[in-house]
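# Geometric and topological summary
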Amino acid sequence: MEVIALPAFQDNYIWLLAGPGGDCIVVDPGDAAPVLAAASRGLRPVAVLLTHHHPDHVGGVQAVLEAFPVPCHGPDDPRMPSGTTQVADGDQVKVPALGASFDVIAVPGHTRSHIAFHGAGLLLCGDTLFSLGCGRLFEGSPAQMLASLDRLAALPGDTRVCCAHEYTEANGRFAREAEPGNPDRDQRLDDVRQLRARGEPSLPVSLASERACNPFLRVDTPQVRESIGRRLGRPPRDRLETFAELRAWKDGFAG
């Protein structure tokens, strides 16, 4: 499938997963206009996948479904748009028109009911995992988010990560503070600067790259632990404290 990032709002991406005939899956349509514009150019939505309830991810769902009455799958949460078929951890969503199937993975943290979809070599992870970062903890705990990230990090390294925001450059500035001297991360940022200078998205990115570069997937590495230890004035007790302090540091980071 062709993976298309449709820009929306200030920094969102709506993902379209398109087959050779023009049928496509729409992921997190916070705004219907980019999707309908793509449809006017020959793409035909055949399914909608939703990762969580935030308006910038579901605000355009009703308009998309009115134009294209197709199956819509999302988490078990009363805040999801009407017409959403609820799916849960361990379920599988099949899209026969594209011969594709996606495993549903519960990833609470950003919200309590957040899910991700893994299939066709892709990870559709909404606001849980970002390139060089992770989502804020609006409803979940650090322990939940760390467990969610651990689950995603265990997927095959060649999985292409399709997260929902263009945050990579900003996340990279924090990553350099959290883990100085990571050459893989520095190369990733060099590549990102070139992509963005050409007006191209920094995504998708391989999960192997994220494991090598993203400090939130690297809480067990000595440099990240040392950075947190300097902030605490003592070594962190365990990986959960390392992660919780890392996320709190990022929340107030203005670099």
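Heads up: the structure comes first, above all this text.
Described below are features of the structure shown in this document.

### Some thoughts on the overall build of the chain
Within the chain, the regular secondary structure consists of 9 helices and 14 strands. In summary, the chain has a C-alpha radius of gyration of 18 Å against a globular reference of 18 Å for 255 residues, a match within 12%. The dimensions of the chain, computed from C-alpha atoms along their principal axes, are 55 × 40 × 30 Å. When burial is assessed residue by residue, the chain has 55% of its 255 residues classed as buried. Sequence separation of 24 or more characterises 59% of the internal contacts of the chain that already satisfy a separation of 6 or more. Taken as a whole, the chain presents about 10600 Å² of accessible surface, with 50% of it coming from carbon and sulfur. Charged side chains of the chain number 25 positive and 32 negative; the gap between the two group centres comes to 4 Å.

### As for empty space enclosed by the protein
With a probe scaled to a water molecule rolled over the atoms, the places where space remains empty come into view. As enumerated under the stated definition, the model contains 1 cavity of 30 Å³ or more in all. Considering only enclosed or pocket space, the largest cavity measures out at about 30 Å³ in volume. Forming the boundary of the largest cavity are Trp15, Val27, Asp28, Thr51, Leu124, Cys125, Gly126, Cys162, Cys163 and Ala164. Looking at the lining of the largest cavity, the elements with two or more residues in it are β10 (122-126) and β13 (160-163). Per-class residue counts for the lining of the largest cavity are 7 nonpolar, 2 polar and 1 charged.

### Quick word on the packing of aromatic side chains
Evaluated as defined, the whole model comprises 6 aromatic pairs. Considering the side-chain rings of Phe174 and Phe216, the 6.0 Å spacing of their centres and the 20° angle between planes classify their relative orientation as stacked. Of this pair, Phe174 sits in helix α5 (residues 168-178) while Phe216 sits in the loop between α7 (207-213) and α8 (222-232), and the two are 42 residues apart along the sequence. On the accessibility criterion, Phe174 (0% relative accessible area) is buried. According to the relative accessible area criterion, Phe216 is buried, its value standing at 2%. A ring pair is formed by Phe216 and Phe243, whose centres lie 6.0 Å apart and whose planes are at 75°; its orientation type is edge-to-face. On the criterion of sequence distance, the pair formed by Phe216 in the loop between α7 and α8 and Phe243 in helix α9 (residues 239-251) is long-range, its members being 27 residues apart. The pair formed by Phe216 and Phe243 is uniform in burial state, with each residue classed as buried. Members of the aromatic cluster, each reached through a chain of ring pairs, are Phe174, Phe216, Phe243, Trp249 and Phe253.

### What to know about the state of the cysteines
Counted under the stated rule, the structure contains 0 disulfides. Counting only cysteine sulfurs, Cys72 is the nearest neighbor of Cys24, a cysteine outside any disulfide, at a range of 13 Å. With no disulfide of its own, Cys125 lies 5.2 Å from the sulfur of Cys163, the closest cysteine sulfur.

### Points about the layout of surface pockets
Of the pockets and cavities examined, the largest pocket occupies roughly 340 Å³. As for the largest pocket, its lining consists of 19 residues, and the residues nearest its centre are Phe130, Arg136, Tyr167, Arg247 and Lys250. At the level of secondary structure, the elements contributing two or more residues to the lining of the largest pocket comprise α5 and α9.

What counts as what
Residues numbered from 1 in each chain as written. Predicted model: local features only at pLDDT ≥ 70, side-chain atom pairs only at ≥ 80, totals over all residues. Heavy atoms only, no water. Helix = DSSP H or I, 4+ residues; strand = E, 2+ residues; numbered from the N terminus. Rg over C-alpha atoms; globule rule 2.2 N^0.38 Å. Buried < 20%, exposed > 50% of the residue type's maximum accessible area, 1.4 Å probe, protein only. Contact = heavy atoms within 4.5 Å. Areas by Shrake-Rupley, 256 points an atom, 1.4 Å probe, with all protein chains shown as cover. Lys, Arg positive; Asp, Glu negative; His and termini not counted. Charge placed at Lys NZ, Arg CZ, Asp CG, Glu CD. 1 Å grid on protein atoms, 1.4 Å probe; cavity = no way out; pocket = protein on both sides within 12 Å on 5 of 7 lines; lining within 4 Å. Points joined across faces, edges and corners; volume = space filled by probe spheres on them. Nonpolar A, V, L, I, M, F, W, Y, C, P; charged D, E, K, R; others polar. Phe/Tyr/Trp six-rings, centres within 6.5 Å; stacked < 30°, edge-to-face > 60°. Disulfide = S-S within 2.5 Å.

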